[in-house]
Amino acid sequence: MTASSNYLIAGNWKMNGLKHSLGELDAMAKGVKAGSANGASADMIVCVPASLLTLAVERCANTPVEIGGQDCHANASGAHTGDISAEMIADTGAKWVITGHSERRTDHGESDSEVKAKSEAAQRAGIVPIICIGETGEEREQGRTLDVLEGQLEGSLTNDGDFVVAYEPVWAIGTGLVPTLDDIEAAHRFIREYLENRYPGSGSDVRILYGGSVKPGNAAEILGIDNVNGALVGGASLKADDFLGIWRAAPS
Ligand code: 13P
């Protein structure tokens, strides 16, 4: 399992973005280049809709920003109308893919074992899966958060290879609600301990991202929490100014 010690700030554009949105990517790449020259060290990636993958990769060539997809099929090719394989994403030059986002788990009924198969497919194609887990509001109220996370980790993570984990409490996505810093710390500590137990020697190096209503205004305190190694950002990744504000908040 390879891992970087850099913070990872990942954007998820979800089903947003047309060709003209690529101007935001240009501004992000420019901002990261300038910030890096001033000592900032976080990595930035943007996961765009499938329609923009090729163009986004072209626009970010020779810049520090890398591109990812938002989902992939477990198979390399075949009769799966409307789906995209990890090999196709890799073919565009993209380097990452989100798997198991709660919107896919909810909208498309994806199970942990499907998420695992998709994540293995990504590794087979040479791209890195960002594997998402997170409890619903109801599960949290029932005090089941850590049990739910453990089940998702057990079922969704690949047995080896490179991956990133993203902890996104479902109730915090797009709502402006954020867990307390103590709650984020507890969840990330739990995930870290799980990783260290399951992957002796490498589990301590896996990057664990927090996602759910991360904004420029709360990024520094969230990214300052132990075992938070980056952020997965939805709404605030659509505008370069906001996303760069989050990127700059990463400790260097
Ligand atoms: P928001 O940042 O809009 O809450 O979305 C988080 C998310 O789902 C990223 O994958």
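Residues numbered from 1 in each chain as written. Predicted model: local features only at pLDDT ≥ 70, side-chain atom pairs only at ≥ 80, totals over all residues. Heavy atoms only, no water.

### Re the nonpolar core
Okay, step 1: If you look at the biggest cluster of nonpolar residues, it comprises 62 residues, and the most contacted ones within it are I67 and L195.
Okay, step 2: The residues contacting L195, other than those within four sequence positions of it, are L157, F163, V165, G203, V206 and I208.
Okay, step 3: L8, W96, A166 and L232 belong to the second largest nonpolar core, which has 13 residues in total. (Core = buried A, V, L, I, M, F, W, Y, C linked by side-chain atoms within 4.5 Å. Buried < 20%, exposed > 50% of the residue type's maximum accessible area, 1.4 Å probe, protein only. Contact = heavy atoms within 4.5 Å.)

### Description of the pairing of strand 7 (residues 208–211)
Okay, step 1: Burial along strand 7 is two-sided: I208 and Y210 and L209 and G211, pointing in opposite directions, are all buried.
Okay, step 2: Once you follow strand 6 (residues 164–167) into helix 8 (residues 181–198) and on to strand 7, the crossover reads as right-handed.
Okay, step 3: Pairing between strand 7 and strand 8 (residues 230–233): two bridges, direction parallel. Of the residues in strand 8, the one forming a bridge with Y210 is A231.
Okay, step 4: In this view, the connection linking strand 7 to its parallel neighbour strand 8 by way of helix 9 (residues 216–223) has right-handed handedness. (Helix = DSSP H or I, 4+ residues; strand = E, 2+ residues; numbered from the N terminus. Right-handed = clockwise from strand over helix to strand, strands pointing away. Pairing = 2+ DSSP bridges.)

### A look at the side chain of E139
Okay, step 1: Along the chain, E139 falls in helix 6 (residues 137–141).
Okay, step 2: Buried and unpaired, E139 has R144 as its nearest opposite-charge partner, separated by 4.5 Å.
Okay, step 3: The residues touching E139, leaving out its near neighbours within four places in the chain, are R144, T145 and V148. (Lys, Arg positive; Asp, Glu negative; His and termini not counted. Salt bridge = Lys/Arg side-chain N within 4 Å of Asp/Glu carboxyl O.)

### A closer look at the packing of helix 1 (residues 22–37) against helix 2 (residues 53–60)
Okay, step 1: As a packed pair, helix 1 and helix 2 sit with axes 10 Å apart at the nearest point and diverge in direction by 30°. Considering the angle they form, helix 1 stands roughly parallel to helix 2. Helix 1 and helix 2 meet at a crossing whose hand is right-handed. In this structure, helix 1 contributes L22, G23, L25 and D26 to the contact, and helix 2 contributes L55, A56, R59 and C60. (Axes fitted to C-alpha atoms, helices over the stretch in contact; angles between N-to-C directions. Parallel < 35°, antiparallel > 145°, perpendicular 65-115°, else oblique. Left-handed = near helix turned anticlockwise from the far one by under 90°.)

### Here's the deal with the site of the ligand
Okay, step 1: The environment of the ligand is made up of 13 residues, and the closest members are K14, H101, G174, S213 and G234.
Okay, step 2: Within the side chain of N12, a nitrogen or oxygen atom sits 3.0 Å from an oxygen atom of the ligand.
Okay, step 3: Contacts to the ligand include H101, whose side-chain N or O atom sits 2.8 Å from an oxygen atom.
Okay, step 4: Expressed as a share of its isolated accessible area of 310 Å², the protein-covered part of the ligand is 97%.
Okay, step 5: Split into classes, the residues belonging to the shell around the ligand amount to four nonpolar, seven polar and two charged. (Near = heavy atom within 4 Å. Polar contact = N/O pair within 3.5 Å; in protein donor to acceptor, adjacent residues only side chain to side chain. Areas by Shrake-Rupley, 256 points an atom, 1.4 Å probe, with all protein chains shown as cover. Nonpolar A, V, L, I, M, F, W, Y, C, P; charged D, E, K, R; others polar.)

### Regarding helix 10 (residues 240–249)
Okay, step 1: Among all positions of helix 10, only A240, F243, L244, I246 and W247 are buried. Around the axis of helix 10, the buried residues are gathered within 155° of arc, so they sit on the same side. Every exposed residue of helix 10 that faces more than 90 degrees away from the buried side is listed here: D241 and R248.
Okay, step 2: Contact partners of the buried residues in helix 10: strand 1 (8–12), helix 1, strand 2 (43–47), helix 9 and strand 8. (Arc of directions from axis to C-beta.)

### Here we look at the sheet that holds strand 4 (residues 96–99)
Okay, step 1: Ordered by their spatial adjacency, eight strands build a closed barrel running 1-2-3-4-5-6-7-8, and the pairing between neighbours is parallel. When strand polarity is set aside, the average angle formed by the axes of neighbouring strands in this sheet is 25°.
Okay, step 2: Note that strand 5 (residues 128–133) and strand 6 share four bridges and pair parallel. In the sheet register, I133 faces strand 6, and the bridge partner there is Y167.
Okay, step 3: Seen against the sheet, helix 7 (residues 145–156) touches strand 5 and strand 6 and runs at an angle of roughly 150° to strand 5.

The quantities given are spatial measurements derived from coordinates; they are silent on function.
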